[in-house]
Amino acid sequence: DDAGPTQTGTPSNAKNVLSIAALGHAGATNVPTYSNRGPAADGRIKPDIGAPGTSVISAARTTTFSAVPTAPTTANFSGTSMAAPTVSGNAALLRQYFTDGFYPRGERTAADATNPTGAMLKAMLINSTNPLGAPAWPNADSDWGRPWLDGNLCFKTTLGGGSDARRTRVFERIQAAGLKTGDVNEYTIANVAAGQELRATLAWFDPEAAGGAAIALVNNLDLEVVGPDSTIYKGNVFTAGVSTSGGSADARNTVEQVRLTAPAAG
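Residues numbered from 1 in each chain as written. Predicted model: local features only at pLDDT ≥ 70, side-chain atom pairs only at ≥ 80, totals over all residues. Heavy atoms only, no water.

### A look at the overall build of the chain
Right, so step 1: If you tally the helices and strands in the chain, you get 2 helices and 9 strands.
Right, so step 2: For the chain, the α and β elements follow one another from N to C terminus as β-β-β-β-α-α-β-β-β-β-β.
Right, so step 3: Along the first, second and third principal axes, the C-alpha set of the chain runs to 70 × 55 × 40 Å.
Right, so step 4: Residue pairs in contact within the chain that sit at least 24 positions apart in sequence constitute 61% of those at least 6 positions apart.
Right, so step 5: Side-chain charges in the chain split into 20 positive and 22 negative, and the spacing between the mean points of these groups amounts to 4 Å. (Helix = DSSP H or I, 4+ residues; strand = E, 2+ residues; numbered from the N terminus. Contact = heavy atoms within 4.5 Å. Lys, Arg positive; Asp, Glu negative; His and termini not counted. Charge placed at Lys NZ, Arg CZ, Asp CG, Glu CD.)

Here is the structure:
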């Protein structure tokens, strides 16, 4: 398997999945040579995020069968197959946050329980990442970075009665109430604190393109964030990992993000 550029391959290149890059062991942020690089053939960002996949202790496989019970054994493995379960576990915990009713109050509330869609979970996971590979971010190695659920999930603290400084807002539009060509839908985020990192992430599930299409995108949605001074930031227009004004709207990806590390208050 060639781990060079544009080698993520099928089915990892599918638009509606999370493609996982492997990182080094534990807290390492390097991307090993065995982890295939993107982008997809049409320029889409792939893989999507990275997770530890090197020297992971896992259940040991065997090619023999024994009718006599034996003690479980473990083995040391490396690969994207070891990184993917970590992200699956993150996604399961993230889903439980919503199904247990922790959003939006930060404490379990039965009346708030909801069943999140796959697109919502994808947006939330990518919105919370720790960027890797600066200054180029996202990049073709680990792309949006390493999942970090605490970057998104707000909880009320048990000591002192306070809560997390950063909050999460989720806006979702189901297919039945979708946008038509040329439509715009606007949301307002009030009371953004100066200097507190702000991220906005848009994700949607897209139908399959025609066979052999040069560009896989079918429904082209565009994210824009308008600051209190009327500056417009387009999705996926970054300089050294921070959104900048200008640039062109993304016409390739089903995930778009705006990241402001020191936004103006308002």
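What follows picks up the thread again.
### Focus on the packing of helix α1 (residues 80-99) against helix α2 (residues 118-127)
Right, so step 1: For the pair α1 and α2, the least separation of the axes is 10 Å and the interaxial angle reads 110°. One way to sum up the angle between α1 and α2 is to call them roughly perpendicular. The two elements α1 and α2 cross, and the hand of that crossing is right-handed. Along the contact surface, α1 presents V87, N90, A91, L94, R95 and F98, while α2 presents M120, L121, M124 and L125. (Axes fitted to C-alpha atoms, helices over the stretch in contact; angles between N-to-C directions. Parallel < 35°, antiparallel > 145°, perpendicular 65-115°, else oblique. Left-handed = near helix turned anticlockwise from the far one by under 90°.)

### Concerning the environment of G118
Right, so step 1: Among the structural elements, G118 can be located in helix α2.
Right, so step 2: Of the residues examined, G118 reaches a relative accessible area of 35% and is grouped as partly exposed.
Right, so step 3: C-alpha separation for the pair G118 and T188, spaced 70 residues apart in sequence, amounts to 24 Å. (Buried < 20%, exposed > 50% of the residue type's maximum accessible area, 1.4 Å probe, protein only.)

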